Amino acid sequence: MTVLLTQQAVNASAETMSMMATLQASPELQAGDATTLAQDVHIIISPVSGEQAITFAKGTIPGTQNVNLLSTGAIENWPFDTYTSPLVVIAYIGAEGNEQAVPTNVDISGYLPGWRLSNTTVVTHEITVVGPDGDIDWPTFMLTANRSGSTVAFGIVLLSLLVAMPVLVLFVAITAYLGRRKVEASFMSWMGAMLFATIPLRTFLPGSPPIGSWIDFLIVLWVIAGLVAGLIIYVRAWVRWGTPSIPPPCRRASHRPTRHPLHRNRIEANVLEIVNDRVPACVVCSLLRGALAPRS
């Protein structure tokens, strides 16, 4: 007889592994039609959340049952968290009080995106069952689930982007504060966008590690602190090197005295008289006399 366990999901928060159990009965346990069971078959799967015993009744076709295996692990160690479960599968036949264990093969298969699953068989001599030939040391299957390499690489890249954000902001802020670059007030909006982008990147991590994981204490908290520090430094640089707002000086109204036309004509006549007395006649003087001649 073979019990086929197909892995369905890993719930890291609840520390459980969901599996689908399928019974493949041997010819000795099948009826004449080679389809239904000739007698009741009981399967014990441990440790699970809920009922440990699964019963396949006589005269029925063996179906499938979903089970949730209990495992040990810590999601706070994301993405290097590992979950292990010591799995024991025992199949027996017979009425209550006269049960007899049946040699059982356990086949564990399945593929889960984002997880790497493995199992090893361990004989601990701690679990014994009564078989046809006496007591039998029953094996234990150690199931192990950890994050796949692609998931770990994706998480490391996102964490590296988080670390790069405060480095860039601090570089720009310190450079502007030292006066090596011109202070642009629009950069403060860019720094604020960096600050608000931290939380979406944090929640985008695969597996959604809970708040309080080691990445929050060692990376996310310091990323936020670095972004806020860079914003403060840049504001101080803006106060220090920014162009002050100075109102333009008030223009005084010019009050030029208006001269009477007769006064202007008198001045032009005097200039013309001086030219006639002291400058010899020439073309230039003729032009000057024409320009200064009184207008009618």
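Every value quoted in this text rests on a predicted model; they were computed, and no experiment measured them.

A.B. asks: Describe the packing of aromatic side chains, naming the residues involved and giving the relevant values.
C.D. replies: Under the defined criterion, the tally for this structure stands at four aromatic pairs. By way of ring pairs, the aromatic residues Phe187, Trp190 and Tyr234 are connected into one cluster. Positioned above the aromatic ring of Tyr177, the side-chain terminus of Arg240 is 4.9 Å from the ring centre.

A.B. asks: Describe in detail the sheet that holds strand 1 (residues 2-11), supporting the description with residues and values.
C.D. replies: As summarised here, the arrangement of the four strands in space is 5-2-1-8, forming an open sheet in which the pairing is mixed. Two strands bound the open sheet, and with one partner strand each, they are strand 5 (64-70) and strand 8 (105-109). Each strand axis lies, on average, 30° off the axis of its neighbour in the sheet, ignoring direction.

A.B. asks: Could you give me a rundown of the pattern of salt bridges, with the residues and numbers involved?
C.D. replies: Opposite charge on two side chains makes pairing possible when the charged atoms of those side chains draw close. Within the structure shown, the criterion is met by two salt bridges. Its salt-bridge partner being Asp81, residue Arg147 comes within 3.0 Å of it at the nearest N-O pair. Of this pair, Arg147 sits in strand 12 (residues 140-147) while Asp81 sits in the loop between strand 5 and strand 6 (82-93); the two residues are 66 residues apart in sequence, bridging distant segments of the chain. Asp81 gets classed as buried once you look at its relative accessible area, which sits at 0%. The partner of Asp216 in a salt bridge is Arg202, with the nearest N and O atoms 2.7 Å apart. You can see Asp216 sitting in helix 4 (residues 214-241) and its partner Arg202 sitting in helix 3 (residues 198-203), a full 14 residues away along the chain. Of the residues examined, Arg202 reaches a relative accessible area of 5% and is grouped as buried.

What counts, and where the lines are drawn
- Residues numbered from 1 in each chain as written.
- Predicted model: local features only at pLDDT ≥ 70, side-chain atom pairs only at ≥ 80, totals over all residues.
- Heavy atoms only, no water.
- Phe/Tyr/Trp six-rings, centres within 6.5 Å; stacked < 30°, edge-to-face > 60°.
- Lys NZ or Arg CZ within 6 Å of the ring centre and 35° of its normal.
- Pairing = 2+ DSSP bridges.
- Helix = DSSP H or I, 4+ residues; strand = E, 2+ residues; numbered from the N terminus.
- Axes fitted to C-alpha atoms, helices over the stretch in contact; angles between N-to-C directions.
- Salt bridge = Lys/Arg side-chain N within 4 Å of Asp/Glu carboxyl O.
- Buried < 20%, exposed > 50% of the residue type's maximum accessible area, 1.4 Å probe, protein only.

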